[in-house]
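As a plain string of letters, each chain reads:
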Amino acid sequence: MKIPEFNIPDMSKVLGLDQLKAATEAFQQSPLIRQINSVQESIKALTPAYDFSGIKQPYYSDGIACPPRINLDFNRSQDEIVVVIGNGFDLEAGLDTGYSDFRKSNQWDRLMSESSLKCFMQQFFQTKGKDSWLGLEEEFKRYAVGIQSLNQDPIQYAENVKRDQVFFTALCSALKEYLKSCYRKIDSSKYSYLLLKTLLTVSDYYFDIKNKHPLSVRYITFNYTELSQIAYDTFEKGYPSSLKEVNHVHGKLDDDIILGTDESQDIPYGYEFLFKSWHEKYQSHVVLEELAQASKIIFFGLSFGAIDLVYFYKFFRDICSGRYDENLRKNITIITKDNESRMSIMREIYKMGIPIMELKAHCNLKFIYTYVDRDKNQDFRDLLTSIQTKWKNLLE
């Protein structure tokens, strides 16, 4: 069904200012606009990450309202790049930040042997082991659900919850201590090295010349390691303009880290401290806002597992439903290890309820594999060229 186009004249040239003001007030009080505002308020309640104020709602010929498009912030550059970083970025860069690496560390051994921390959770993680951080998050949920089967009396249960919470706090501290020892210079042969160098170069140059949109490259990281520190260790230079506002979704090492699992009704009373979303510094809406604004999005090292669903489901759903202007068609690049990991990512997105065919129909989706020799990877070279070209065009 074709959506009708509207040519709205500049009424300030047709009417005087007083007449225009009176006509505008009358229009805002009309039944149609009150109905539109009601719909917008309902949408806003469901999706607080977006600002729907000022939307001119089009209608189909039969009077049914079209889905509203996303109202972008045009005070920000519409040529923004958003880089979303997961643990795969650190691993490709040569940092031993995997959960399996942590389990082999001295910090882990001390944590598991500390008698003052003895509790059910400590015993559970001494024997249970997963290879990924998503696996750890799943184990948190499995433990909390399973603890109910012990049939403890209320006083004993409350004491065990308290002990588990103390152990959980110690686990976070041990993890922070371990990850701080993982920083090192990225080898120049790595994908992460050249991508980061390209992004930092063009964004700093753009900042120095234009000084109009100082954060035309924005970073969202799900890692606890700090991108600014990785850049400093690698390039021996600070990048205050382009890395001063990296969004650390799960916290960072010089502050609180947000460890845990997603909300679940299955987790018993007292173990809500495991809910990442209940942490006072948790802000998932930042991810949605940045993704909605960007024209080019680069995912590097993200698995898109079930725990990540809350961050990306609405974004992919909005793409498929056509809620972004086709003139601002999004270019999405996912950098991952190989075809097996690509299929795993596609499967996870599909499990979200996102039809892959619809997603590809409404955005430019491309995968880049890091198992291929970097200098022979034409897709990666094309990505870097597109970034450089974008900035050259902006500077003209």
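Per-chain numbering applies: the sequence of each chain, read as written, is numbered from 1 onward. Reporting of local features is limited, given that this is a predicted model, to residues whose pLDDT is at least 70; pairs of side-chain atoms are given and counted only at 80 or more, and all residues count toward the totals for whole chains, interfaces and linings. Computation of side-chain values: all heavy atoms of the structure, hydrogens and water removed.

Draft legend 1. Inspection of the pattern of salt bridges at higher detail. Salt bridges are defined by distance alone: a side-chain nitrogen of Lys or Arg within 4 Å of a carboxyl oxygen of Asp or Glu. Summed over the entire model, instances satisfying the criterion amount to eleven salt bridges. Residue Arg218 pairs with Glu290 through a salt bridge whose shortest N-O separation is 3.4 Å. Residue Arg218 is located in strand β2 (residues 217-221), and its partner Glu290 is located in helix α11 (residues 285-293); the two are separated by 72 residues in the primary sequence. The residue Lys351 makes a salt bridge to Glu348 at a minimum N-O spacing of 3.4 Å. Put simply, DSSP marks the helices as runs of H or I at least four residues long and the strands as runs of E at least two long, and each gets a number from the N terminus on.

Draft legend 2. Geometry of the nonpolar core. By size, the foremost hydrophobic cluster in this structure holds 68 residues, and its most contacted members are Met121, Phe125, Leu195, Tyr219 and Tyr271. Here this core takes eleven residues from helix α8 (residues 154-180), the largest share from any one element. The contact criterion used is simple: two residues touch if any of their non-hydrogen atoms lie within 4.5 Å. Apart from the residues lying within four places of it in its own chain, the contact partners of Phe125 are Tyr99, Arg103, Trp108, Met112, Leu136, Glu139, Phe140 and Phe167. Counting 35 residues, the second-largest nonpolar core is a separate cluster that includes Ala294, Phe304, Phe312 and Met346. Put simply, a nonpolar core is a bunch of buried Ala, Val, Leu, Ile, Met, Phe, Trp, Tyr and Cys residues held in one set by side-chain atoms that sit within 4.5 Å of each other. Remark: exposure states derive from per-residue accessible area (1.4 Å probe, protein chains only) relative to the maximum for the residue type, with buried under 20%, exposed over 50%, and partly exposed in between.

Draft legend 3. Structural view of the sheet that holds strand β1 (residues 81-85). Strand order across the open sheet formed by six strands is β3-β2-β1-β4-β5-β6, with parallel pairing between neighbours. Here the strands that pair on one side only, and so sit at the sheet edges, are β3 (247-248) and β6 (364-369). Strand pairing follows a simple DSSP-based rule, namely that at least 2 bridges must link the two strands. Two strands pair when backbone bridges link them, and strand β5 (residues 331-336) and β6 are joined in this way by six bridges, in the parallel orientation. Bridging across to β6, Ile335 finds its partner in Ile368. Lines are fitted to the C-alpha atoms to define the axes, a helix being fitted only along its stretch in contact, and any angle between axes, read from their N-to-C directions, falls within 0 to 180 degrees. Against the sheet, helix α12 (residues 309-320) contacts β1, β4 (296-300) and β5, and its axis sits at roughly 135° relative to β5.

Draft legend 4. Structural view of unusual backbone geometry. Not every positive phi belongs to a glycine, and Phe304 is a case in point at roughly 60°. The topology assignment puts Phe304 in the loop between β4 and α12. Here Phe304 falls in the buried class, since its relative accessible area comes to 0%.

Draft legend 5. How the structure looks around helix α6 (residues 120-127). Looking only at α6, the buried set comprises Met121, Gln122, Phe124 and Phe125. What you see down the axis of α6 is that its buried residues fit within an arc of 160°, all on one side. On its buried side, α6 packs onto α4 (99-103), α5 (106-113), α7 (133-146) and α8. In this context, the arc is that of the directions from the helix axis out to the C-beta atoms.

Draft legend 6. A look at the packing of aromatic side chains. Ring pairs are drawn from Phe, Tyr and Trp, using the six-membered ring of Trp, whenever the two centres fall within 6.5 Å, and their geometry is named by plane angle: stacked under 30 degrees, edge-to-face over 60, tilted for the rest. The tally for this structure, following the rule as stated, stands at 25 aromatic pairs. Centre to centre, the rings of Phe124 and Phe125 are 5.2 Å apart; their planes meet at 85°, and the pair counts as edge-to-face. This pair shows no difference in class: Phe124 is buried, exactly as Phe125 is. An angle of 65° between the planes, with centres 5.3 Å apart, marks the rings of Phe125 and Phe140 as edge-to-face. Of the two residues, Phe125 is situated in helix α6 and Phe140 in helix α7; the sequence distance between them amounts to 15 residues. Exposure class is identical for Phe125 and Phe140. Each is buried. A ring is scored as having a charge over it whenever the NZ atom of a lysine or the CZ atom of an arginine sits within 6 Å of its centre and within 35 degrees of its normal. In this arrangement the basic side chain of Arg342 is found over the ring face of Phe367, its NZ or CZ atom lying 5.9 Å from the centre.

Draft legend 7. Layout of the packing of α11 against α12. Close contact between α11 and α12 brings their axes to 9 Å; oriented N to C, the two are set at 30°. Overall, the two elements α11 and α12 adopt an arrangement that is roughly parallel. Considering how the two elements wind past one another, α11 and α12 form a crossing that is right-handed. The residues of α12 that touch α11, namely those facing Val287, Leu288, Leu291 and Ala292, are Tyr311, Phe312, Lys314 and Phe315. Classes in brief: Ala, Val, Leu, Ile, Met, Phe, Trp, Tyr, Cys and Pro nonpolar; Asp, Glu, Lys and Arg charged; the others, Gly included, polar. Classifying every residue of the contact of α11 with α12 gives seven nonpolar, no polar and one charged. Orientation labels follow simple angle bins: below 35 degrees gives roughly parallel, above 145 gives roughly antiparallel, 65 to 115 gives roughly perpendicular, and whatever is left gives oblique. With the far helix as reference, a near helix turned anticlockwise by less than a right angle produces a left-handed crossing, and one turned clockwise produces a right-handed crossing.

Draft legend 8. Local environment of the confidence of the model for the protein chain. On average, the protein chain scores 77 in pLDDT, and the residues at 70 or more come to 71%. You can read pLDDT as the predictor saying how much it trusts each residue, on a scale of 0 to 100. Under a pLDDT of 50 for its full length, residues 1-12 has, in the predicted model, twelve contacts with residues more than four places off or in other chains. Note on residues 206-211: pLDDT under 50 across the span, and eleven contacts to partners over four residues away in sequence or across chains.

Draft legend 9. Summary view of the pairing of β5. Where burial is concerned, most of β5 is hidden: five out of the six residues are buried. Two strands pair when backbone bridges link them, and β4 and β5 are joined in this way by five bridges, in the parallel orientation. Of the residues in β5, the one forming a bridge with Ile297 is Ile332.

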